[in-house]
Amino acid sequence: MTARRSMLVAGIGCVASLLGSIMLIEVSRTWPRPTPIAGDPTLYGEIADAILGGAVPYIDVTVEHLPVLLVPIVAVGAAAGLAGLAYAALWPLVTIAAVIGSVVLAGRVPYRDYQWNYTLAILPMLPLAIYRLEIFVVLLALAAVAAFAAERATAGTVWTVLGGLAKGWPLVLLVIPLRRGRARLALGGLAFAVAILATIAVLPGFREGRAFSGIHTETIVGNLLLVVRHAMSDDLGLIGAAGATYVAAPGIAVITNAAVGVLIGVVALRHAFATTDTRRLVAIAGLATIAVILLSPLFSAQFVFWLAPFVPLMSLRTRVSYGIAAAMSMLVAALWDPFAAWWALEVALRNVALVVTTVLWIADIIRPVTTDATDGLAVEHVA
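Model, not experiment: these values are computed from the prediction. Within each chain, residue numbers correspond to sequence positions counted from 1 in written order. Restriction of local features to residues with pLDDT of at least 70 applies here, the model being predicted, together with a cutoff of 80 or more for giving and counting side-chain atom pairs; totals for whole chains, interfaces and linings are based on all residues. Only heavy atoms go into the side-chain values, all of them from the structure, while hydrogens and water stay out.

(A) Main features of the nonpolar core. The nonpolar core is taken to be a set of buried Ala, Val, Leu, Ile, Met, Phe, Trp, Tyr and Cys residues, with the residues joined through side-chain atoms within 4.5 Å. Residue exposure (1.4 Å probe, protein chains only): buried if accessible area is under 20% of the type maximum, exposed if over 50%, otherwise partly exposed. Residues I73, Y114, Y118, L173 and W361 are the most contacted members of the largest nonpolar core, which totals 116 residues. Put simply, DSSP H or I for four residues or longer makes a helix, DSSP E for two residues or longer makes a strand, and each gets a number counted from the N terminus. The element that contributes the greatest number of residues to this core is helix α7 (residues 134-149), accounting for 13 residues. Setting aside anything within four residues of it in sequence, one finds Y114 in contact with A106, V109, L142, V145, P309, P312 and L313. Contacts were defined at the residue level, with two residues in contact if any of their heavy atoms lie within 4.5 Å.

Here is the structure:
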């Protein structure tokens, strides 16, 4: 019954998100800055066309995405060509299928109410997620979590490495085999992934796609700078780079922003070495993912969706706080206008919601609980 309910709710959410986004696109055509919510599939289509035409990714064509994500990008391009459909029209249909698939996969994670809580967690961001790549990364992370929960360390590590070669952040899940007595497996997987990522990082087509200056307008420090400049009626110092918008800032701003993420990462690492329980380690990996999001000088709205595989394990208050942050992040992307003061305030509220979620997440992890508890981690007593 729970599985059917989850799939039904996810299906309704996807259809409503698609129709709602189409309506928003039509309504916003007369706005000074129409919504860019559905803009990325066009860029994916251009990459697919180039690769299918014989171009070598990262060499002949600029690609900012990691190699595993080229699989859905190119596959949709090939399917669109065979079916005679526009790439941008086919993309959300494929991602909707991936969303439903992720709900099915969530049902294989053997934790109480995980599938239902996962379904609720993804709902706020579906209007954005169906036009982005994140659902494919989340699928790989879910596969890893399901494997680790079933004590299949090798399979979990393989899925984790594939996730790392798709977006990087799923590598935090390697803390599970590391702490569950499979250190050689974890470190081997990490070394393999890092070697490939390091090779790609030096290729000209990847470096060009990732080049930027300043700090992203949606980061904590970048947004604070933007809010202050709006309030002072100063030059906003906005810079368009790498398909995103940055705000001019000194190097100390990037360092300060990163320090917040590093601090959270230290907290996650400390608690990871205080437990060997798989469920708790998954939650700690979620906190490490927050650290990755916050320490980066780039914070696109869809990054909040990365937390979806971890949110189901947290307490109700943390899940609600995440839902607010996710809904705000979706609005940040849907109603995008960094030149407007209201948008800067919107981002600030999203960042506050994410910080609150982070604090609650840490509280969930450090709170002593027992195995008969019914909410949150509820897995073991940790002194």
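Alright, that's what it looks like, and here's the rest.
(B) A look at the packing of aromatic side chains. Note on aromatic contacts: the rings of Phe and Tyr and the six-membered ring of Trp form a pair at centre separations within 6.5 Å, being stacked when their planes are under 30 degrees apart, edge-to-face when over 60 apart, and tilted otherwise. Applying the stated rule across the entire model yields nine aromatic pairs. Ring geometry for Y44 versus W91: centroids 4.8 Å apart, planes at 55°, classification tilted. With Y44 in helix α2 (residues 40-52) and W91 in helix α4 (residues 87-106), this residue pair connects regions lying 47 residues apart in the sequence. With respect to burial, Y44 and W91 carry one shared label: buried.

(C) The packing of helix α15 (residues 316-334) against helix α16 (residues 341-366), seen in detail. Between α15 and α16, the shortest axis-to-axis distance is 8 Å and the interhelical angle comes to 155°. Put simply, α15 runs roughly antiparallel to α16. α16 is crossed by α15, and the crossing has left-handed handedness. Angular values range over 0 to 180 degrees, each being the angle between N-to-C directions of two axes fitted as lines to C-alpha atoms, with helices fitted over their stretch in contact. Each angle is binned into one of four classes, with values under 35 degrees roughly parallel, values over 145 roughly antiparallel, values of 65 to 115 roughly perpendicular, and all other values oblique. With the far helix as reference, a near helix turned anticlockwise by less than a right angle produces a left-handed crossing, and one turned clockwise produces a right-handed crossing.

(D) Structural detail: the pairing of strand β3 (residues 244-247). Taking every second residue as pointing to the same face, both faces of β3 are buried, with A244 and Y246 on one and T245 and V247 on the other. A pair of strands is labelled paired if DSSP reports no fewer than 2 bridges between them. Note that strand β2 (residues 238-241) and β3 share four bridges and pair antiparallel. In the strand pairing of β3, L238 is matched with V247.

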